[in-house]
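Spelled out, the chains give:
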Amino acid sequence: MALANNQLFVPAAQAAALPARAAARLGGKAAGLLRLRALGLPVPEFAVLPVAVFEPLLAGLPVTQEGLAERRARLAGCEVPAETRAALKAVLADWDFPARPVAVRSSVADEDGDANAFPGMMDSVLSVSDWPALWVAVARVAASAYSERALTYRRQRGLPLAARPAVVVQRQVAARAAGVLFTTFPEYPLELAIHAVAGLGEGLVGGQLVPEEYYLRKTDGQLVASEELRVESEKLRVENGELNQEVITLHSQLLTLNSKLLAPTALADLYRYAQRLETALGGPQDVEFAQDETGQMWLVQTRPLTQPVPEVLVFDNANIQESYCGVTTPLTFSFAQRAYATVYRQTMRTLGLPAATVAAHEGVITNLLALRQGRIYYNLNNWYRGLQLLPNFSQSKADMERMMGVLEPVDFVRDQHKTLPQKLALLPRLALNLGRLLGEFARLPGRVRGFQARFEAEYQRFYQLPLADLGADGLLREIGHLDQALLTRWTTPIVNDFRVMMAHGAATRRLAALGIADPEEFLSRYLAGSPAGAKNGPSDAAEAAPLASLLPALALRDLGQVARQNFPELLPLLAAPGPDLPAQVARLAPAFQQQVRQYVARYGDRTMGELKLETETMRTSEALFYQYLLPYLEAPAPRPAAASLPAQATAELAGRLRGRGWWAARQVRASLAALRQAVARREALRLERTRLFGMYRAAYRQLGQRLAAAGTLAAPLDVFWLTEAEIAAAVRTGGPAWAARVAARQAEFAAYRAAPAPPGRQVEPGRPVAAAEAAPPADGCLRGTGCYPGQVAGEVVVITDPAQAAVGAVRGRIVAALRTDPGWAALFPGCRAVLIERGSALSHSVILLRELGIPTIINVPGLTQHLRSGQHVRLDGRAGTVEVTAG
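All values reported here derive from a predicted model rather than from experimental measurement.

K.L.:
How do you make sense of the overall build of the chain when you look at a structure like this?
P.N.:
Along the backbone of the chain there are 33 helices and 22 strands. Of all 887 residues assigned to the chain, the portion counted as buried reaches 53%. Counting contacts in the chain only where the partners sit at least 6 residues apart, residues at least 24 apart contribute 70% of the total.

This is the structure in structure tokens:
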């Protein structure tokens, strides 16, 4: 019932939409209860004495100290109008009052709003069980709108001092448990928080009682943490409205029991309600609940969570650790961060985004990477923000996560909601962008040839420069020239990376639609061997040649053969390489040394850890070349033929396509051909990226020599402990402060190396998580994805840091690695098989391993934790299984 003169409001029995201006008429708490009812959630019955009941008492009173005191006094002594009393008595009779108690709560017009919660500022009176006490409670609660604490809160928040009270009378739940639910926990925003006490919850919200605590993961409702404390039930008495002090004392003793206060079913109910509330009300909610003796959960309040919820930042090292494994120096990070920003801007421009949009996203562009505990991570939030500018966010997100090797997709990042008019307004631009991108895809073969010709010209120009004669300013200008000539013109590799991402996603989805259970495993067979050997391979003759990532290894193999056949007298020296070996080879076999130098000039930057500028390469240390040559000095052992793998996969594909229709078959084959072509181009372009980084490495090493000669740095290689901006500043200013900064950084990063490796994913703010040890498999058999077949038994060498890997240590052994990169090419030929804890069937290393015919298994959980160097294992590269044996 609702009185025509606004003396009492009782919501309809059926859930209904929120009345217009509900908060202004009924107060914030009543408006929250009505929202709960409108959503069909369980709310105890209630009635509201609206603002209009109390307004006549306050009319004409000034908002002065005396006027505020008079308002409080009038409300405290007020008598509820007879008509309102009669209406309320009729309502409460249906609730079996006074046999069953009620609660009286404040509902001030601006209480429980979006910005101002008034937590605990106004009074609530529980367990009211007779009529005189009810009228006293109504007056007390109304007057509390003008209590000193409520007025102080208003002054602190800059709110009007003229409060407009209303009062809620609500059927009190006979609670076995009660508490507070934060649908988003501000401390860890990927969780929701539930705090509960036995009995009524007043002691919890008032801060007198210590609750049980439950924290559920918002994505799936799983319990991630809890404080399993249980206390005796509250016994309340109405004595100036205060909690019985004896009960508080009992609660403070916190009796720990074996069972939790809230059962899993109760937690599941609260999780479900939290999800509905956040979705329907558009943001985190602060909810009070009570559970009765039957287990029924009731919601007795909801209001917007006014505590700021920080943005959740997700950092994941995914496949970036293939390129920047382990601890990385500040120079490498600052350069990588700038390089990623530069190419990302080009991506946005290539997609036709307006200059204003690109500028507005500068904060995203310059923070795609993060340095955490000395290691490089993707800042996933910013990658997703960029995707929100593209059509079909969900599909693009899934494709990107697959290509980046993100094992745990980020579920809380969603596309921005757009209305139908907004979508229609965006269609022309999105269609134009898509058309532009498809046009770029069609022009890729010619664009790649042009890019490579331009790159080769700059590459030759750079290494003809007398770098050793350039001053520091000249070297900085040369770095600027590389930026302008190459780094800022990296559009072609970017477009092809998009092509790989989209082609891989399309191929994976189409293979899954054909019923292929593991599309990645199928692709590892379909793409095995050189492109020329596969049916439905590329039409480009250039792309039918061996993949570019294989060329350095093939050239090393040829040099090994030249040494065996033409320079047998060198073999004893080459078999035990030392620092003087290059000089010895130059003296004994200058023709061979000339071939070595030609190789280094072409491929000398292809080294383990090649994208870390501090890495020693064959170009910076020719002695390293001879370390890499070692596995090739012996005649190559026969490997399983790769040709049968694509043939088997092609036959399987034909069987799957039988009866599907020509158009479906054409679509699948076209997507696979597009993927093969794009991957072949990517491998060629990634080799150019390696060579680009080599040029920057050469320039910065020379800058280190200039700064050391000037006394600015203690040693030339100290340059890697400064960022790019710091190096430029050090050139300008000089002085001893830079050496001190380097020393501090070296100590800091040494501590990072000594500490256990941090988790591959870090969430801030997030519950601290140590790098978890993977549980050993129950049957002792490790399992992953087979990428190249072959059954091998032998000794394992575990490599977690490429800098510590020696070519001689892997010869004749099975390599077990956390991750790999193309620079491992020198190690692969000497090993019998390769196991990789985290990898992709389309990663550079796996492509290379297939080309070399080396049995390979990827994505083996806990591989480097379960295996130790020196153990013996038996593996099956087709089945993806690894078993420890007795040796």
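K.L.:
How do you make sense of the nonpolar core when you look at a structure like this?
P.N.:
Buried together is how nonpolar side chains tend to be arranged in soluble globular proteins. Within the largest apolar cluster, 100 residues are counted, with the highest numbers of intra-cluster contacts made by Leu653 and Leu672. Considering each element in turn, this core owes the most residues, 17 residues, to helix α28 (residues 662-709). Setting aside residues no more than four positions away along its own chain, leucine 653 makes contact with Leu511, Leu514, Phe522, Tyr526, Val668, Arg669 and Leu672. By size, the runner-up hydrophobic cluster in this structure holds 50 residues, among which are Leu629, Cys787, Leu827 and Leu849.

K.L.:
Where do I start with the sheet that holds strand β14 (residues 761-764) in this structure?
P.N.:
Pairing between sheet strands relies on hydrogen bonds along the backbone, with the strands arranged either parallel or antiparallel. Strand order in the open sheet formed by four strands is β12-β13-β11-β14, with antiparallel pairing between adjacent strands. The sheet is open, and its two borders are formed by β12 (369-372) and β14, each paired with just one other strand. For this sheet, the mean angle separating the axes of adjacent strands, direction not counted, is 35°. Sheet topology places strand β11 (residues 313-316) next to strand β13 (residues 375-379); two bridges connect them, and they run antiparallel. Within β13, the residue paired with phenylalanine 315 across the bridge is asparagine 379.

K.L.:
Looking at this structure, how should I read the sheet that holds strand β21 (residues 872-876)?
P.N.:
Within the open sheet, the eight strands sit side by side as β15-β22-β21-β17-β18-β19-β20-β16. Their pairing is mixed. The sheet terminates laterally at β15 (781-783) and β16 (785-788), the two strands that pair on one side only. Put simply, the sheet's adjacent strands are angled 30° from each other on average, direction ignored. With two bridges connecting them, strand β19 (residues 833-836) and strand β20 (residues 856-858) associate as parallel partners. Across the sheet, the residue bridging to valine 834 is threonine 856, located in β20.

K.L.:
What is the right way to look at the packing of helix α20 (residues 491-513) against α28 in this model?
P.N.:
Between two packed helices, what matters for the description is the angle formed by their axes and the separation of those axes. Where α20 contacts α28, the two axes come as close as 8 Å, and the packing angle between them is 145°. Regarding α20 and α28, the two cross each other, and that crossing is left-handed. Each of Thr492, Pro493, Asn496, Asp497, Arg499, Val500, Ala503, His504, Ala507, Arg510 and Leu511 in α20 lies in contact with α28, whose residues at this interface are Gln667, Val668, Ser671, Leu672, Ala674, Leu675, Ala678, Val679, Arg681, Arg682, Leu685 and Arg686. Per-class residue counts for the contact of α20 with α28 are 12 nonpolar, five polar and six charged.

K.L.:
Would you explain the environment of glycine 435 in this entry?
P.N.:
For glycine 435, the location among the structural elements is in helix α17 (residues 420-442). Of the residues examined, glycine 435 reaches a relative accessible area of 40% and is grouped as partly exposed. Each C-alpha atom of the pair glycine 435 and leucine 351 lies 9.4 Å from the other, and the pair is 84 residues apart in sequence.

K.L.:
Explanation requested: the side chain of histidine 361 in the structure shown.
P.N.:
Within the secondary structure, histidine 361 is located in the loop between α13 (355-360) and α14 (362-365). In contact with histidine 361, not counting residues within four places along its chain, are Met348 and Leu389.

K.L.:
How do you make sense of the packing of aromatic side chains when you look at a structure like this?
P.N.:
Working definition: an aromatic ring pair is given by the centre-to-centre distance plus the angle between the planes. Within this structure, the stated rule accounts for 24 aromatic pairs. On the numbers, 4.6 Å between centres and 45° between planes, the contact of phenylalanine 118 with tyrosine 153 is tilted. Taken together, the positions of phenylalanine 118 in the loop between β2 (102-106) and β3 (124-128) and tyrosine 153 in helix α7 (residues 148-157) put the pair 35 residues apart, joining distant regions of the chain. Here the aromatic rings of phenylalanine 567 and phenylalanine 592 are separated by 5.4 Å at their centres, their planes lie at 55°, and the arrangement is tilted. Pair noted here: phenylalanine 567 is in the loop between α22 (551-566) and α23 (571-574) and phenylalanine 592 is in helix α25 (residues 590-603), with a separation of 25 residues, a long-range link.

K.L.:
Help me understand the pairing of strand β10 (residues 297-304) in this model?
P.N.:
Moving residue by residue along a regular strand, the side chains alternate between the two faces of the sheet. Counted residue by residue, β10 has eight buried out of eight residues, so it is predominantly covered. In terms of strand pairing, strand β9 (residues 285-292) meets β10 through seven bridges, oriented antiparallel. Its bridge partner lying in β10, alanine 290 is registered against tryptophan 298.

K.L.:
So what exactly am I meant to see when it comes to the confidence of the model for the chain here?
P.N.:
With 86% of its residues at a pLDDT of 70 or more, the chain has an overall mean of 84. Low confidence marks residues 1-5, where pLDDT is under 50. Its contacts with residues over four positions away, or in another chain, come to 11 contacts. Within the model, pLDDT remains below 50 along residues 230-258, and this stretch shows 56 contacts once partners closer than five positions in the same chain are excluded.

K.L.:
Please clarify how unusual backbone geometry should be interpreted in this entry.
P.N.:
For the bond from phenylalanine 97 to proline 98, the omega torsion is 15°, close enough to zero to count as cis. Along the chain, proline 98 falls in the loop between α5 (82-94) and β2. Geometrically, the link from glutamate 764 to proline 765 is a cis peptide bond, its omega value of -10° lying close to zero. Along the chain, proline 765 falls in the loop between β14 and β15. Even without being a glycine, alanine 318 presents a positive backbone phi close to 30°. Mapped onto the fold, alanine 318 is located in the loop between β11 and α11 (320-323). With relative accessibility at 2%, the residue alanine 318 sits in the buried group.

K.L.:
Can you walk me through helix α4 (residues 65-76) in this structure?
P.N.:
Residue pairs three or four apart in sequence face the same way in an α-helix, which turns once every 3.6 residues. When the terminal C-alpha atoms of α4 are compared, their 17 Å separation across 12 residues agrees well with the 16 Å that a helix rising 1.5 Å per residue should span. Turning to α4, its buried residues number three or more, namely Gly67, Leu68, Arg71 and Leu75. Across the axial projection of α4, the buried residues extend over an arc of 100°, all falling on one side. In α4, the exposed positions that point more than 90 degrees away from the buried face belong to Gln65 and Glu66. Buried-residue contacts for α4 involve α3 (51-58), α6 (131-143) and α7.

K.L.:
Help me understand the pattern of salt bridges, please; the structure alone is not making it clear to me.
P.N.:
Where charged atoms of side chains with opposite charge meet at close range, the side chains can pair. Summed over all chains, the structure comprises 43 salt bridges. A salt bridge links aspartate 123 to arginine 140; its shortest N-O distance comes to 3.1 Å. Here aspartate 123 is found in the loop between β2 and β3, whereas its partner arginine 140 is found in helix α6, with 17 residues between them in sequence. The exposure class of aspartate 123 is buried, given its relative accessible area of 15%. You can call arginine 140 partly exposed: its relative accessible area is 27%. The shortest N-O distance in the salt bridge between arginine 767 and glutamate 191 comes to 2.8 Å. In this pair, arginine 767 sits in the loop between β14 and β15 while glutamate 191 sits in strand β6 (residues 191-198), placing the two residues 576 residues apart along the sequence.

What counts, and at which threshold
- Residues numbered from 1 in each chain as written.
- Predicted model: local features only at pLDDT ≥ 70, side-chain atom pairs only at ≥ 80, totals over all residues.
- Heavy atoms only, no water.
- Helix = DSSP H or I, 4+ residues; strand = E, 2+ residues; numbered from the N terminus.
- Buried < 20%, exposed > 50% of the residue type's maximum accessible area, 1.4 Å probe, protein only.
- Contact = heavy atoms within 4.5 Å.
- Core = buried A, V, L, I, M, F, W, Y, C linked by side-chain atoms within 4.5 Å.
- Pairing = 2+ DSSP bridges.
- Axes fitted to C-alpha atoms, helices over the stretch in contact; angles between N-to-C directions.
- Left-handed = near helix turned anticlockwise from the far one by under 90°.
- Nonpolar A, V, L, I, M, F, W, Y, C, P; charged D, E, K, R; others polar.
- Phe/Tyr/Trp six-rings, centres within 6.5 Å; stacked < 30°, edge-to-face > 60°.
- pLDDT = per-residue confidence, 0-100.
- Expected span 1.5 Å × (residues − 1).
- Arc of directions from axis to C-beta.
- Salt bridge = Lys/Arg side-chain N within 4 Å of Asp/Glu carboxyl O.

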